[in-house]
Amino acid sequence: MQDAPPSCPIVVGIDVGGTKTHLRAAAEDGTVTDHVRTSSGWRPHDPEAAAAWLAALVHEALPAGTRPSAVAVGGHACETPRQCAEIRVALRVLLDVPALVVGDAELLVPAAGLDKGVGLVAGTGSVAVGRLSDGSPVQVGGWGAVLGDEGGSAGLVREAARAAWAAHDRGEDPDELALGLIAAFGVSEVPALGAALESATDVSAEWGRHAPVVFAAAGAGSALARQVIAEGGRSLAALVVRLAQRGVAVDDVVVAGTAVLAQPALYDAFVAWLAEAVPGARPRPLRVPPVEGAVSLARSLV
């Protein structure tokens, strides 16, 4: 990692994820500054607070006295154009530079070097975004672990618990999936899983961290776990279908997120369902950090 000298003009891209934030500053001479921290304190539904948080991050990451020429942000839970615009306006006032704020999934297409397409994230949660021919953004999914986020790690754990409960109600003995969940949540039996899940203070994070249990159970032969993963892949493909139905071009689907890219079983299920539902769509796993998309957007502002 290198620090950009204060005298060298730089653009700043920021990827604010659900748990981790990545800032990358790129100078004209090729010098790059990377700064990674937790997303603690990120409050996207309070535009003034969100802008202050971002401005403090920029000042924290850059050498003293450095003023960026432009800043672009992909923010987790920036769910509407109005919300993003309000953060952008507040951020521009604080930094006095051109600024752009979009949802974090919108970083994927430019990060892949594309002008158009779908960005699909399946990490802790799941969301897909695209744009209509007039440039209007469209987002589907991203409703959080309680209501949605199917195919994300938290959603997989929720559905795994539902599958274990259903098997228990059918009178079946706990299989590898149920036993894994019991151990992960520190309870004594399947019926106690409900209270354990409901007691979470940060539902998405606390449920999502147990997702490896689902994949381990599938590897150990759990038919329930394999079905949960297959349905997770189907749900991710359904996000692309919804975008297509709303008029978004879905020829290229750029995929990111630890849940889907780190787990071949989930990615393969998604690809299989996508091929069946939208035969012309091309899945493209993102091989560079999403923050590259933010840097690309920042460059477009200058």
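Residues numbered from 1 in each chain as written. Predicted model: local features only at pLDDT ≥ 70, side-chain atom pairs only at ≥ 80, totals over all residues. Heavy atoms only, no water.

**Concerning the overall build of the protein chain**
Argument step 1. Within the protein chain, the secondary structure is distributed over 12 helices and 10 strands.
Argument step 2. Whereas a compact globule of 302 residues would reach a radius of gyration of roughly 19 Å, the protein chain reaches 20 Å, a difference of no more than 12%.
Argument step 3. Its C-alpha atoms put the protein chain at 70 × 40 × 35 Å along the principal axes.
Argument step 4. Expressed as a percentage of the 302 residues in the protein chain, the buried residues total 50%. (Helix = DSSP H or I, 4+ residues; strand = E, 2+ residues; numbered from the N terminus. Rg over C-alpha atoms; globule rule 2.2 N^0.38 Å. Buried < 20%, exposed > 50% of the residue type's maximum accessible area, 1.4 Å probe, protein only.)

**A word on the packing of helix α4 (residues 153-169) against helix α5 (residues 176-185)**
Argument step 1. Two elements in contact, α4 and α5, have axes separated by 9 Å at closest approach and are oriented at 120 degrees. Between α4 and α5, the angle is such that the two are oblique. Pair α4 / α5 crosses with left-handed handedness. Contacts between α4 and α5 involve Val 157, Ala 160, Ala 161 and Ala 164 on the former and, on the latter, Leu 177, Ala 178, Leu 181 and Phe 185.
Argument step 2. Taken together, the residues of the contact of α4 with α5 break down into 8 nonpolar, no polar and no charged. (Axes fitted to C-alpha atoms, helices over the stretch in contact; angles between N-to-C directions. Parallel < 35°, antiparallel > 145°, perpendicular 65-115°, else oblique. Left-handed = near helix turned anticlockwise from the far one by under 90°. Contact = heavy atoms within 4.5 Å. Nonpolar A, V, L, I, M, F, W, Y, C, P; charged D, E, K, R; others polar.)

**So, helix α1 (residues 47-61)**
Argument step 1. End to end, α1 covers 21 Å across 15 residues, agreeing with the expected 21 Å (1.5 Å per residue, within 8%).
Argument step 2. Buried within α1 are the following residues: Pro 47, Ala 49, Ala 50, Ala 51, Trp 53, Leu 54, Ala 55, Leu 57, Val 58 and Ala 61.
Argument step 3. In the core, the buried residues of α1 are packed alongside β1 (10-16), β2 (20-27), β3 (32-38), β4 (70-75) and α2 (81-95). (Expected span 1.5 Å × (residues − 1).)

**What about the nonpolar core?**
Argument step 1. One finds Leu 120, Val 253 and Phe 270 to be the most contacted residues of the largest nonpolar core, which totals 51 residues.
Argument step 2. Of all the elements, helix α9 (residues 223-245) adds the most residues to this core, at 8 residues.
Argument step 3. If we ignore the near neighbours within four places in the chain, the residues touching Phe 270 are Leu 120, Gly 233, Leu 236, Ala 237, Val 240, Val 253, Val 255 and Pro 283. (Core = buried A, V, L, I, M, F, W, Y, C linked by side-chain atoms within 4.5 Å.)

**Let's talk about the confidence of the model for the protein chain**
Argument step 1. Confidence in the prediction for the protein chain averages 92 pLDDT; 97% of positions are at 70 or higher.
Argument step 2. Under a pLDDT of 50 for its full length, residues 1-6 has, in the predicted model, 17 contacts with residues more than four places off or in other chains. (pLDDT = per-residue confidence, 0-100.)

**Points about the sheet that holds β4**
Argument step 1. Strands sit in the order β3-β2-β1-β4-β5 across an open sheet of 5 strands; the sheet is mixed. Each of the sheet's edge strands pairs with one partner strand only, and the pair in question is β3 and β5 (99-103). Direction aside, the axes of adjacent strands within the sheet are offset by 10 degrees on average.
Argument step 2. With 6 bridges connecting them, β1 and β4 associate as parallel partners. Bridge assignment links Ile 14 to a residue of β4, and that residue is Val 73.
Argument step 3. Lying on the sheet, α2 is in contact with β4 and β5; it crosses β5 at an angle near 150 degrees.
Argument step 4. Contacts from helix α12 (residues 291-299) reach β1, β2, β4 and β5, with the element oriented near 140 degrees to β1. (Pairing = 2+ DSSP bridges.)

**Digging into the packing of aromatic side chains**
Argument step 1. On inspection of all chains with the given rule, the structure shows 2 aromatic pairs.
Argument step 2. A ring pair is formed by Trp 42 and Trp 53, whose centres lie 5.4 Å apart and whose planes are at 55 degrees; its orientation type is tilted. Taken as a pair, Trp 42 in the loop between β3 and α1 and Trp 53 in helix α1 lie far apart in primary sequence, 11 residues in all.
Argument step 3. On the accessibility criterion, Trp 53 (11% relative accessible area) is buried.
Argument step 4. For the pair Tyr 267 and Phe 270, a centre-to-centre distance of 6.3 Å together with 55 degrees between the ring planes defines the contact as tilted. Highlighted residues: Tyr 267 and Phe 270, both in helix α11 (residues 264-277), separated by 3 residues, approximately one helical turn.
Argument step 5. Since its relative accessible area comes to 17%, Tyr 267 is described here as buried.
Argument step 6. Lying across the ring of Trp 273, Arg 234 places its NZ or CZ 4.5 Å from the centre. (Phe/Tyr/Trp six-rings, centres within 6.5 Å; stacked < 30°, edge-to-face > 60°. Lys NZ or Arg CZ within 6 Å of the ring centre and 35° of its normal.)

**Concerning the sheet that holds strand β9 (residues 252-256)**
Argument step 1. With respect to topology, 5 strands assemble into an open sheet ordered β8-β7-β6-β9-β10, the strand pairing being mixed. What marks the edges here is a single partner per strand, and that holds for β8 (137-141) and β10 (282-285). With direction set aside, neighbouring strand axes in the sheet form an average angle of 20 degrees.
Argument step 2. When strand β6 (residues 118-122) meets strand β7 (residues 126-131), the two strands line up antiparallel, connected through 4 bridges. Residue pairing across strands places Ala 122 opposite Ser 126, the latter belonging to β7.
Argument step 3. Sitting on the sheet, α9 is in contact with β6, β7, β8 and β9, with an inclination near 25 degrees to β7.

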